[in-house]
Amino acid sequence: MMDVGPLSMHKPEEGGNEPPAWPKSLSMVSQDQPDREKMTVNGKDPIDIEIRKGSLVENGDAKPEEEKEAWGNKTQFILACIGLAVGLGNVWRFPYLLHKNGGGAFLIPYFLMLLIEGLPMMYVEMAIGQYFRGGSIVSWQKIHPSLKGVGLCCVVISSFLCIYYVMVIAWIINYLWVSLRPTPPYAGCDYTDDVCCSHDKTLYYWYTVVLQATPSIDDSGNGPAWHLVIFLILAWIVTYLCVFQGVKSTGKAAYFAATFPYVCLVILLIRGVTLPGADIGLKALFTPKWERLADPRVWISAATQTFFSLSLGFGALVAFASFMPYKNNITKDAVLVAVVNSFTSVLAGLCIYSILGFRSKTTGVL
C-alpha cells in the first residue's frame, strides 16, 4: 500500500470488498493520464499535486517548462559545427605540422588519431548535448553533480579562446583595410630605415607598424595601438551581431561564416598552383619521411592537432547539439563534420605550400 504521509489512503474494513477510499479532499487520477489537482491538506492552502504513475509530487512552485530554442534546420547545425571546427588549426597549424613531422608520412598518424580519438570524442560531446538538452555546465551536472566543474572548465577555456580569436580577427580586419590601398604598406618600406632594409619587409611591417612591439614587456612604448583598438571593437561588434539572438542569428551567420573561407581557399589554391615553382612546395609538403614515424613526438602532434582542430573539450559542441531534436542522428553529423574538417586541412596545406614553392623559386628559401 502506498503511503503519502497525511494523504495516506484509508484501510478497508476487514472482510470488506470495496476498494480503499481516498480522502474527500483528494480525487484519484488515472495513472495513464497525468494530471494536476487542487487539494487541501490538513486545512492548509491549496497546493498543486502532480500524480504520475501512482506517485505524488508536490509542485507548488513548478512552472511549465519552456520550449527550447532550436536550429532553423539541420543545415545550420552542420555549418555551425564546421565553422567551429575549421579555423586557425587547419590553415596555420596543420601545414606546419605536416612539413615538420615527416611530410606525407604525418598523414598516417593524423588519420589514425582522427579515427580513434577525434570521431569518438565528437560523437560523445554531441550525444551529451542532445540528450541532456543543455550547455556544458547543465549537461555535466545532470550526469553527476560532482562533474559540474568539468562544465565550468569548458566555459573558462571557451572564454579564453574567444578573447584571443577576436584579437586575431582584429588583425585580419587591419590587413583587409590596408590591402585596399593601391600599394600595400607591407610591400616595401622607407629605405632610409636601416632596420627595415636588413629584415623581411612584411615582418618589419607586422612587428613595427601593426603590433608596435617594444623590446620588453616593461616598455609600454607610445601606449595602445589605437588602430588595433578600433578594429578590436569592430570585431566584437560583429561577434555580438552573430550571437545576440542565440541560435536564430548564429544559424543565419553560419551560412556565410562557414562557406566563405572555402571560397577564399579555392581562389588561393587556383592562384597558388598556377605560380612558377608551385610543384617545389607541393613536393616538399607530401614527400614522406618514413623514419619520422618512429618519433613519439610525431604521434603526440597528430593527437594534439586532432583534438584542437575539431574543437573538442571546449563545450561548444555540447551547446550546439543541445538545440537539435532528441532523435537526431548524430553519428552521421559527427562523421560529416570530421571528414570536412580533415579535407579542409589538406586543402589549406595545398594552398600554402604552392605559394611557398613560388617563394622558394624566387628567393631560394622554402
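Refer to the structure above for everything that follows.
Anyway, here's the lowdown on the structure attached to this text.

About the criteria used
- Residues numbered from 1 in each chain as written.
- Predicted model: local features only at pLDDT ≥ 70, side-chain atom pairs only at ≥ 80, totals over all residues.
- Heavy atoms only, no water.
- Phe/Tyr/Trp six-rings, centres within 6.5 Å; stacked < 30°, edge-to-face > 60°.
- Helix = DSSP H or I, 4+ residues; strand = E, 2+ residues; numbered from the N terminus.
- Polar contact = N/O pair within 3.5 Å; in protein donor to acceptor, adjacent residues only side chain to side chain.
- Contact = heavy atoms within 4.5 Å.
- Core = buried A, V, L, I, M, F, W, Y, C linked by side-chain atoms within 4.5 Å.
- Buried < 20%, exposed > 50% of the residue type's maximum accessible area, 1.4 Å probe, protein only.

With that settled, the discussion passes to the packing of aromatic side chains. On inspection of all chains with the given rule, the structure shows 16 aromatic pairs. Taking the centre distance of 5.3 Å and the plane angle of 70° together, the rings of Y110 and F111 count as edge-to-face. A network of ring pairs unites the aromatic residues W171, Y175, Y205, W206 and Y207 as a single cluster.

So, about the side chain of S309. Its place among the elements puts S309 in helix α12 (residues 296–309). Among the polar contacts made by the side chain of S309, one reaches the side chain of N90 at a distance of 3.3 Å. A polar side-chain atom of S309 sits 3.0 Å from a polar atom in the side chain of N341. Setting aside chain neighbours within four positions, we find S309 in contact with A85, V86, N90, N341 and S345.

What follows deals with the nonpolar core. Within soluble globular proteins, side chains that are nonpolar tend to cluster in buried spots. Membership of the largest hydrophobic core comes to 32 residues, with the highest contact counts inside it found for W71, F77, C81, I82, M122, M126 and V337. Sorting elements by how many residues they give to this core places helix α14 (residues 330–363) first, with eight residues. If near-sequence neighbours (up to four positions away) are discounted, F77 is found in contact with W71, M126, F320, A321, M324 and D333. One finds L97, L107, A302 and Y353 within the second-largest nonpolar core, a separate group that totals twelve residues.

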